[in-house]
Amino acid sequence: MDFITITNLEVFAHHGVFPEENEKGQNFYINAKLYLSTKNAGLTDELSESVHYGEVCELIYRHMREHTYKLLETVAEQLAAEIFASYPLVERLCLEICKPHAPITLPFENVSVTIERGWQRAFVAFGSNMGEKRDYIEKALTAMKEHKQVRVKKISSVYETKPYGGVEQEDFLNGAVMIDTLLYPEELLAFLQDLEKRAGRERTIHWGPRTLDLDILFYGDERIWEEDLTVPHPDMKNRDFVLKPMAEIAPYFIHPVYGKSMKEMLEELNRKEN
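**Brief notes about the packing of helix α7 (residues 240-249) against helix α8 (residues 262-273)**
Thought 1: Interaxial distance between α7 and α8 falls to 9 Å at its minimum, and their mutual angle equals 140°. Taken together, α7 and α8 sit at an angle that is classed as oblique. In this structure, the crossing between α7 and α8 has a hand that is left-handed. Contacts between α7 and α8 involve D240, L243, K244, M246 and A247 from the first element and M262, K263, M265, L266 and L269 from the second.
Thought 2: Of the residues assigned to the contact of α7 with α8, the class counts are seven nonpolar, no polar and three charged.

**Focus: helix α5 (residues 133-146)**
Since the α-helix advances by 3.6 residues per turn, residues separated by three or four positions end up pointing in the same direction.
Thought 1: The terminal C-alpha atoms of α5 lie 20 Å apart, and with 14 residues this matches the ideal 20 Å at 1.5 Å per residue to within 8%.
Thought 2: Where the residues of α5 are buried, they touch β5 (120-128), β6 (150-155), β8 (172-181), α6 (185-198) and β9 (213-219).

**Quick word on the pairing of strand β3 (residues 92-98)**
Thought 1: For β3, the buried fraction is high: five of the seven residues fall into the buried class.
Thought 2: Examined bridge by bridge, strand β2 (residues 26-35) and β3 share seven bridges and lie antiparallel to one another. Within β3, the residue paired with Y35 across the bridge is R92.
Thought 3: When β3 meets strand β4 (residues 112-118), the two strands line up antiparallel, connected through seven bridges. Looking at the pairing, I97 lines up with V113 of β4.

Thresholds applied
Residues numbered from 1 in each chain as written. Predicted model: local features only at pLDDT ≥ 70, side-chain atom pairs only at ≥ 80, totals over all residues. Heavy atoms only, no water. Axes fitted to C-alpha atoms, helices over the stretch in contact; angles between N-to-C directions. Helix = DSSP H or I, 4+ residues; strand = E, 2+ residues; numbered from the N terminus. Parallel < 35°, antiparallel > 145°, perpendicular 65-115°, else oblique. Left-handed = near helix turned anticlockwise from the far one by under 90°. Contact = heavy atoms within 4.5 Å. Nonpolar A, V, L, I, M, F, W, Y, C, P; charged D, E, K, R; others polar. Expected span 1.5 Å × (residues − 1). Buried < 20%, exposed > 50% of the residue type's maximum accessible area, 1.4 Å probe, protein only. Pairing = 2+ DSSP bridges.

As structure tokens, this is what we get:
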């Protein structure tokens, strides 16, 4: 991928664990690598098709001067968040915060913290079969759209489906949403569970009725096997209420475990059921 590099941008700022660092300040040096496609800018010669690196330097300078943090890790994280919020064309970012005058009593040249952050494609299934079902779903989708670290790219149709798992209950409304997110999988899970909690969901019966159900189906090509999170979502190959909306919004997305597209998996399930 193309990138724009900023090297050793000097900023006098007030960051550090010790009070004297916050009071007196010191010089920091920032290195940034902004990953984006510069193809359109190169073909059109239009700055609007790229990122104004002078403005990025001003943003970094202003942010570091206007804030005081104890940790370089916090400086990097907060600065990255502001760059992503200000420049939608930036897909990934490598950011290094250097502190060559850190209060270390031994001879050294520099200490720094480097982070890499970027937008990640993810898919989330949504469902509801209690109360104002469409309202719960719409509120959850709106909350996703309003989150600064989530971009809603596509939303499937809403499908009315029979309950899955053998528990007698009302029919569900189901669908899926494609997002790009800066949240890590665990952070995305926490955000979705908070939306479920706001909708009054109670986890009392396995596969039972619920006001709102939000599940991470895919997070890029990652395979996650944790106690509270399994990605790709298990058993989706047997669930048409997951495969139908996925085949609608991402028919050629390849399952990282099965190596089959959503369209192929839905067709296989239809043949199996028929």
